[in-house]
Amino acid sequence: MSRKFTTFRPLGALLIVLALTAVACGDDDAETTTTTAATTTTAAATTTTQGETFTPGPLGYIEVAPGAPIEIRALQAISGEVAFLGQDQVYGVQLAIADYGDVLGHPVNLGTVEDDLCSADGGQAGAQNILAQLVEGDGGAFTGPVGVIGATCTGATRAALPLISEAGLLMISGSNTGPALTSNLVGVPGEYNAPGFYRTAHNDLYQGGAVGRFAYDVLGVRKAAAIHDGDPYTDGLATAFKDAFEALGGEVVVYTAVNKGDTDMTSVLTEVAAGAPEFVFFPIFQPEGDFLIQQGRSTAGLEDVIWVGADGVLTDSFMALPETAGMYFSGPDLRFGENMSVTGKTYNDFLAAYQELAGISPTAAFHAHTYDATALLLDTISQIAFVEADGTLKIDRQGLRDALTATRDFPGLIGPITCDRYGDCGSQAISIIHHEDPTAIAASKANVVYAEVAGVVNEG
C-alpha cells in the first residue's frame, strides 16, 4: 500500500521531482523496482490486518493489550552543552503525541526520554536502556516499545542503530543529517545504513551542496576553508561542502578540525589564515563554535573573511553573540507557514502550542521535523496494525518498516514527506540566512538570501 495524501506545497513537490538529474538517472530503475516490492509487501500486510486472522512477519510483532498504551520512546540529547537541541525536539514529540491522539483506541505513552549525550557512548547506552524494555513472548510476540524517535546527533545514532535494527525496532530521526546513515543519493547505501532507520531531516549532501553553490555562484568565492570537530555530522557536512565547491572549480585551501572541548582556537585559526581563504565554513556545535567565531574575528589575516555556520549553531544562544553579526547560516528551510500535518495542525498552530508548552519559542532548527517523525510513526501504526475482537492490537514489525519505506506525500509540517529505500524521508529544503543583527535574531532567521529544494535553486 503506497499511501496518497494531499500535497500542501505544490511548488516544493515539483522541485523535488525535478531534483538533481544525476540522482534521478543514476538509480532510477533500481529505485522503481524496490518501491514496487515495498508497496506489494505493505499491501499484503494491510490485507492481513483487515482480514480475520493475523500472520506475523519475520521480525515478529508488538502486542498491545486491550486499553493498554502503545509504547514509543525518544533518544535525544537532553543534557550538557547541546541540551537545547534535544529538548527542542522532545517538545516536538510531545506535541505530536497530543495532537494525534489515540491510535486505534489506544493512548500513546512516551515513557522516559533517554539521553543520547550527543555521543556514541550516550547513543549506545540509550539504545540498551530502550531494548531492556522489550520483552519477547510466544509465537513472535513482543511487548514494549514499537519504535524510537531519535537520536539528536548523528554520532549517537551510529552507535544506537545497529542495536535497534538488530532487535527488529525502528528509529526515525528528526535531526540526523549525515549521509552515511542513508545513502550517497545515487543508489549507494551509506556505511552506517541499517534496516529500520528513517529520518525526516535532510541529507547533508544537499546542505553541503547548497553552501558550495551559494559560495561559488552567489558570492563569487574561489578560495574557501572548512573546519569540523571530528564528529560524523560535522565532518560529513564539511566534506559535502568541500566536494561541491571543488566540483564547481573552487579551491578548499584548508580542511581542518578543532577538538571537542577546545577553548583556545589559536592554532587552527592560524592554520586557516595561512591559506588566505575568502570564506570559512564551520559546521560545528557550541561551545566550540562560540570560541571559534569570537577568536576568529580578531585573528590576523581573517579580518575580511566570510564566516558561515550550519544548523548546529543555528540557535538563539549562538546568534546572540556580538561576533556573529554579518555571518551566514545554512540549515533546513524553516518557512513552513501554513503547511498542515496529518494531525490537522499547521506550523503556525504548532508554534503557538510550543510556546504554551515550553514557555519559549523554538530555540533550534529541527522541532517541526521531529513532530513529523512522530506523527509519521503513529499514523503508519494506524495503517498497518491488526485489531483483535477484544481490542488487542498487533503491530507487525516488518510490516511497519515496509509501510514507512512506501510512504508517499505524507502531509507534514515541513511539507510533503516521501521516503526512499534508504530511509531519507525529508523534504530536502535548504536555506541560507544572513544574520545582520545579534539583537534581532527572529529577523535574521527570516532573512533568507538563498534556498534550494533537493538541490534545485528555489527562486520563489
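None of the values given here were measured: they were computed from a predicted structure.

This part takes up the packing of aromatic side chains. Tallied over the full model, the rule gives 17 aromatic pairs. Their ring planes at 65 degrees and their centres at 5.2 Å tell us that phenylalanine 214 and tyrosine 328 sit as a pair that is edge-to-face. Residue phenylalanine 214 is located in helix α7 (residues 204-218), and its partner tyrosine 328 is located in strand β15 (residues 328-332); the two are separated by 114 residues in the primary sequence. Across this residue pair, the class does not change: phenylalanine 214 and tyrosine 328 are buried. Centre to centre, the rings of phenylalanine 282 and tryptophan 307 are 5.9 Å apart; their planes meet at 85 degrees, and the pair counts as edge-to-face. Placement of phenylalanine 282 in the loop between β13 (279-281) and α10 (288-296) and of tryptophan 307 in strand β14 (residues 306-309) is noted, with a sequence separation of 25 residues between them. The pair phenylalanine 282 / tryptophan 307 is uniform in exposure class, with both members buried. Following the ring pairs from residue to residue traces out a cluster consisting of Tyr91, Phe336, Tyr347, Phe350, Tyr354 and Tyr371. Positioned above the aromatic ring of tyrosine 216, the side-chain terminus of arginine 222 is 3.6 Å from the ring centre.

Alignment of strand β1 (residues 61-64) against strand β17 (residues 393-396), held across 4 bridges, turns out to be antiparallel. What sits directly across from valine 64, in β17, is leucine 393. As paired elements, β1 and strand β7 (residues 141-143) share 2 bridges and run parallel to each other. Across the sheet, the residue bridging to isoleucine 62 is phenylalanine 142, located in β7.

Looking now at empty space enclosed by the protein. One pass over the full model with this rule turns up 3 cavities of 30 Å³ or more. In this model, the largest cavity occupies a volume close to 130 Å³. If you trace the largest cavity, you find 13 residues lining it, with Thr152, Ser175, Phe285, Asp311 and Phe366 closest to the centre. Among the residues making up the lining of the largest cavity, the classes are represented as 6 nonpolar, 6 polar and 1 charged. By volume, the second largest cavity amounts to about 80 Å³. Every residue along the wall of the second largest cavity is listed here: Leu314, Phe329, Ser330, Gly331, Pro332, Asp333, Leu334, Arg335, Ser431, Ile433, Lys445 and Val448. Going through the elements one at a time, β15 and β20 (429-434) are the ones with two or more residues in the lining of the second largest cavity. For the lining of the second largest cavity, the element with the most residues is β15, which contributes 4 residues.

For the bond running from glycine 150 to alanine 151, omega is 0 degrees, close enough to zero to count as cis. With respect to the secondary-structure elements, alanine 151 resides in the loop between β8 (148-150) and α6 (154-166). Here glutamine 286 and proline 287 are connected by a cis peptide whose omega angle stands at 5 degrees. On the secondary structure map, proline 287 appears in the loop between β13 and α10. Its identity as a non-glycine residue notwithstanding, leucine 104 has a phi of 50 degrees, on the positive side. If you trace the backbone, leucine 104 turns up in the loop between α4 (83-100) and β4 (108-109). Since its relative accessible area comes to 38%, leucine 104 is described here as partly exposed.

We now examine helix α12 (residues 347-358). With 12 residues, α12 should reach 16 Å at 1.5 Å per residue; the first-to-last C-alpha distance of 16 Å fits that figure. Buried within α12 we find Tyr347, Phe350 and Tyr354. Looking straight down α12, one finds its buried side chains confined to an arc of 45 degrees; they lie on one side. Check the buried side of α12 and you find it contacts α4 and α13 (367-384). Where α12 ends, the next residue or the one after it, glycine 359, has phi of about 80 degrees, a positive value.

Calculation notes
- Residues numbered from 1 in each chain as written.
- Predicted model: local features only at pLDDT ≥ 70, side-chain atom pairs only at ≥ 80, totals over all residues.
- Heavy atoms only, no water.
- Phe/Tyr/Trp six-rings, centres within 6.5 Å; stacked < 30°, edge-to-face > 60°.
- Helix = DSSP H or I, 4+ residues; strand = E, 2+ residues; numbered from the N terminus.
- Buried < 20%, exposed > 50% of the residue type's maximum accessible area, 1.4 Å probe, protein only.
- Lys NZ or Arg CZ within 6 Å of the ring centre and 35° of its normal.
- Pairing = 2+ DSSP bridges.
- 1 Å grid on protein atoms, 1.4 Å probe; cavity = no way out; pocket = protein on both sides within 12 Å on 5 of 7 lines; lining within 4 Å.
- Points joined across faces, edges and corners; volume = space filled by probe spheres on them.
- Nonpolar A, V, L, I, M, F, W, Y, C, P; charged D, E, K, R; others polar.
- Expected span 1.5 Å × (residues − 1).
- Arc of directions from axis to C-beta.
- Contact = heavy atoms within 4.5 Å.

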